[in-house]
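Below, each chain spelled out in residue letters.
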Amino acid sequence: MKKLRVFRETIDKWLGYLLSILMALMVLDVVWGVVARYLLNNPSSFTDELAGYLLIWVGLLGASLASGKGMHLAIDLLPQKLEGKKKQRLEIVIEVLIFLFALSILVIGGIRLVYITLKLGQTSPSLGLPLGYVYLVLPLSGIFIMFYSAINILEELNDELQEELEID
Amino acid sequence: MKSTKRFYVVVLLVFLGQILISCGKSNVRVIKLASALSPSHPVTKAMKYMAKQLKKKSDGKLQIKVYPSGQLGDEREALELLQIGSIGMTKVSAAAVESFNPNFKAIDMPYIFKNDQQRFRVLRSKIGKSLLLGSQKYWMRGLCYYDAGSRSFYSTNKPIRKPSDLKGMKIRVQNSDIAVQMVQQLGGSATPVPFGELYSALQQGVVDGAENNPPSLYFSRQYEVSKYYSLDKHTSIPDVLFISTILWNQLNSQQQKWIQEAADESAKYERKLWAQLTKKSLKEIKESGVKIIHPDKSLFAKKVQPMYERYKTEHPDLYKKIQAIIQMQNDSLSAKNDSL
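Residues numbered from 1 in each chain as written. Chains lettered and ligands numbered in written order. Predicted model: local features only at pLDDT ≥ 70, side-chain atom pairs only at ≥ 80, totals over all residues. Heavy atoms only, no water.

**Observations regarding the confidence of the model for chain B**
In step 1: Averaged over all residues, the pLDDT of chain B is 89; the fraction at 70 or higher stands at 95%.
In step 2: This complex was scored by the predictor with a pTM of 0.83 and an ipTM of 0.75. (pLDDT = per-residue confidence, 0-100.)

Next comes the structure, spelled out in structure tokens:
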């Protein structure tokens, strides 16, 4: 269990670094777009497109980090009403649902989308970038979300087990 | 408590019933058609006409539901949804197809068509058909072309009479490789600005001009902030109607024939509507005080020639297509001269 926690913290750290880099790139890109258009009077055609793609990456990878830390938006009407064992059970059900969503929609659906887009060779209009690479973030973030929810489930189960041992 | 429970049961039953009813109707197929244009646009009207024709032909078994105004996404998104089969049909500008099927760049080239008649002839010919059907490689099948007229420059401060007038002017273009190159060849600086932001961009001087066909200039009311409209007619980029190959292959040959016929009929219908609208738009634009200029087109055509050479080495496939289009028009012109 301890090893798992360390592993999770490493992933947290590196994902955080990656997100900071992407965010910094996005800021630079948008600033360059403004400078080129209003100061240099020679607007560049790629900044808008790149900013859009970076936003997709930051959004989805950020969502996986947030869901791992339990920071994502949630309607917690039900969890607040429950206590003890019932609450833990509910947490597990929620994590399983998140896991299944990430697996079916993000990973399987995402891989299908990436495969089709790469196969049909759609490119972005100004950068000429194959759009399949942009969509690669879907399965990637799906894998992260699955990883986090799997760990969360294991931890919940572990807690439950320990509590039972204490009671005994 | 009991009554709420009963209420939920009733809601559930009604819901299940709905599902059952919709399953029972499965011998009627409704095709979703996505379009970015407004409901009053002639192309949308033509597609509604196609839906009517198809319903008549198939006795109501095949129907088309048109979703206008970009409800299902912009043109690029619609094409993507079409490829994976989430929507059945979509109408997009040929400029948007460039990043899916690069051969479409051939008909987006400036001054590729000698005149309107030649354009209709080329698009109707084997070359036009091969572009439509060649897209099947990319999981989309072209059904027909809709006319979108010719695009010309309009500007806020300076009239454009010859290419050198464009020097130092910032011209808004569509987000397309060909359009950017063309403006640069002519000496202007190309600025991709989203169409919806163009009105204020012209007003505030972010760009000095833009280019479009008369109906778009009229409908977007950008003529209110423009002073000159130079009818140099540099590009004639048509709209294209696509059907998903996933859907197409599910249909039997009779159904395929119905759809193709209905599409062809709607294209004919649209061309009439478009011609009327172009006349009306030009009249309205002129009456609002915009000066209409008729520049010498050959000066502009000469300037963009290097673009044709570029594809010789870069994209031989496309170059061959472009040459075939030029050849075809030359042949018909020389045949006419012989008969005289």
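And the narrative resumes.
**Topic: the pattern of salt bridges**
Residue and element names in this part refer to chain B.
In step 1: Taken as a whole and assessed by the stated rule, the structure comprises 17 salt bridges over all chains.
In step 2: Here Arg 119 makes a salt bridge to Asp 116, at a shortest N to O gap of 3.1 Å. Taken together, the residues span about one helical turn, with Arg 119 and Asp 116 both in helix α6 (residues 116–124) at a distance of three residues.
In step 3: On the basis of relative accessibility, which here comes to 35%, the residue Asp 116 falls in the partly exposed class.
In step 4: If you follow the salt bridges from partner to partner, you end up with Lys 57, Lys 257, Glu 261 and Glu 265 in one network. (Salt bridge = Lys/Arg side-chain N within 4 Å of Asp/Glu carboxyl O. Helix = DSSP H or I, 4+ residues; strand = E, 2+ residues; numbered from the N terminus. Buried < 20%, exposed > 50% of the residue type's maximum accessible area, 1.4 Å probe, protein only.)

**Regarding the side chain of Ser 124 of chain A**
All names here are of chain A.
In step 1: Within the secondary structure layout, Ser 124 lies in the loop between α4 (84–120) and α5 (131–135).
In step 2: Given the relative accessible area of 2%, Ser 124 is considered buried.
In step 3: A distance of 2.7 Å separates polar atoms of two side chains, one belonging to Ser 124 and the other to Glu 49.
In step 4: The residues contacting Ser 124, other than those within four sequence positions of it, are Glu 49, Tyr 53, Leu 129 and Leu 131. (Polar contact = N/O pair within 3.5 Å; in protein donor to acceptor, adjacent residues only side chain to side chain. Contact = heavy atoms within 4.5 Å.)

**Focus on unusual backbone geometry**
All names here are of chain B.
In step 1: Positioned with a positive phi, Trp 139 is a non-glycine residue whose angle comes to about 65°.
In step 2: With respect to the helices and strands, the residue Trp 139 is situated in the loop between α7 (126–134) and β4 (140–146).
In step 3: Note on Trp 139: relative accessible area 24%, which makes it partly exposed.

**Re the side chain of Ser 67 of chain A**
In step 1: Among the structural elements, Ser 67 of chain A can be located in helix α2 (residues 47–69).
In step 2: Apart from residues no more than four positions distant in its own chain, Ser 67 of chain A is found in contact with His 72, Ile 145 and Asn 152 of chain A.

**Examining the packing of aromatic side chains**
In step 1: Per the stated rule, a full pass over the model turns up eight aromatic pairs over all chains.
In step 2: Ring geometry for Phe 7 of chain A and Phe 147 of chain A: centres 5.4 Å apart, planes at 90°, overall edge-to-face. Placement of Phe 7 of chain A in helix α1 (residues 2–39) and of Phe 147 of chain A in helix α6 (residues 137–167) is noted, with a sequence separation of 140 residues between them.
In step 3: By relative accessible area, which is 44% here, Phe 7 of chain A ends up partly exposed.
In step 4: One aromatic cluster is present, built from ring pairs that chain together Phe 7, Phe 147 and Tyr 148 of chain A.
In step 5: Over the ring of Tyr 67 of chain B we find Lys 65 of chain B, and its NZ or CZ is 4.6 Å from the ring centre.
In step 6: Directly above the aromatic system of Phe 120 of chain B lies the positively charged group of Arg 271 of chain B, at a separation of 3.9 Å from the ring centroid. (Phe/Tyr/Trp six-rings, centres within 6.5 Å; stacked < 30°, edge-to-face > 60°. Lys NZ or Arg CZ within 6 Å of the ring centre and 35° of its normal.)

**Quick look at the domain arrangement of chain B**
Residues and elements named next belong to chain B.
In step 1: The domain boundaries assigned to chain B delineate domain 1 (2–113 + 126–147 + 238–280) and domain 2 (151–236 + 281–312).
In step 2: Measuring from the centre of the C-alpha atoms in domain 1 to the corresponding centre in domain 2 gives 30 Å.
In step 3: If you look at the interface, domain 1 gives 17 residues, while domain 2 gives 26 residues.
In step 4: Buried surface at the junction of domain 1 and domain 2, summed over both partners, amounts to about 1800 Å²; 63% is from carbon and sulfur atoms. (Domains from an automatic or database assignment. Buried area = accessible area lost by both parts, 1.4 Å probe.)

**A few points about the sheet that holds strand β10 (residues 239–244) of chain B**
Residues and elements named next belong to chain B.
In step 1: With mixed pairing, the five strands of this open sheet are ordered in space as β2-β1-β3-β10-β4. The two strands at the open ends of the sheet, each matched to only one other strand, are β2 (62–67) and β4. For this sheet the average axis-to-axis angle between neighbouring strands, irrespective of direction, equals 25°.
In step 2: Of the strand pairs in this sheet, β4 and β10 are connected by six bridges, and their pairing is antiparallel. Following the sheet pairing, Tyr 146 is matched in β10 by Asp 239.
In step 3: Strand contacts of helix α3 (residues 75–83): β1 (29–35), β3 (89–93), β4 and β10, with the helix running at about 145° to β3, the strand carrying the most contacts. (Pairing = 2+ DSSP bridges. Axes fitted to C-alpha atoms, helices over the stretch in contact; angles between N-to-C directions.)

**Here's the deal with the interface of chain B and chain A**
How big an interface is tends to be reported as the loss of accessible area on association of its parts.
In step 1: With 16 residues of chain B at the interface, the matching set in chain A holds 17 residues.
In step 2: Here chain B packs against chain A, burying approximately 1600 Å² in sum over the two surfaces, 56% of which is carbon and sulfur.
In step 3: It is Ile 84, Ser 99 and Trp 139 of chain B that lose the most area in chain B upon contact with chain A, and together they represent 30% of the buried surface on that side.
In step 4: Our count for the contact surface shared by chain B and chain A stands at zero salt bridges.
In step 5: Here chain B and chain A share four residue pairs in polar contact (both at pLDDT 80 or more) between them.
In step 6: Mapped by element, the contributors of at least two residues to the side of chain B that touches chain A are α3 and β7 (189–192) of chain B.
In step 7: Residues belonging to the side of chain B that touches chain A are distributed by class as follows: eight nonpolar, four polar and four charged. (Nonpolar A, V, L, I, M, F, W, Y, C, P; charged D, E, K, R; others polar.)

**Some points on the nonpolar core**
Residues and elements named next belong to chain B.
In step 1: Core analysis: the largest hydrophobic core is formed by 52 residues, its most contacted members being Phe 104, Ile 107, Phe 153 and Phe 242.
In step 2: Shared between two domains, this core takes at least three residues from each, and those domains are domain 1 (2–113 + 126–147 + 238–280) and domain 2 (151–236 + 281–312).
In step 3: Membership of the second largest hydrophobic core comes to 25 residues, among which are Ile 31, Leu 33, Met 47 and Met 50. (Core = buried A, V, L, I, M, F, W, Y, C linked by side-chain atoms within 4.5 Å.)

**Some points on the sheet that holds strand β11 (residues 291–293) of chain B**
Strand pairing within a sheet occurs via backbone hydrogen bonds; the two strands may be parallel or antiparallel.
Residue and element names in this part refer to chain B.
In step 1: Pairing is mixed in the open sheet, where six strands are placed in the order β7-β6-β8-β5-β9-β11. Only two strands of the sheet have a single neighbouring strand rather than two, namely β7 and β11. Averaged over all neighbouring strand pairs, the angle between strand axes comes to 30°, with direction disregarded.
In step 2: Running at roughly 160° to strand β6 (residues 170–173), helix α8 (residues 177–186) makes contact with β5 (151–155), β6, β7, β8 (209–212) and β9 (228–235) of the sheet.

**Things to note about the pairing of β7 of chain B**
In step 1: Residues Ser 189 and Thr 191 of chain B of β7 of chain B are buried on one face, and the alternating residues Ala 190 and Pro 192 of chain B, pointing to the opposite face, are buried as well.
In step 2: Where the polypeptide runs from β6 of chain B across α8 of chain B and back to β7 of chain B, its parallel neighbour, the crossover connection is right-handed. (Right-handed = clockwise from strand over helix to strand, strands pointing away.)

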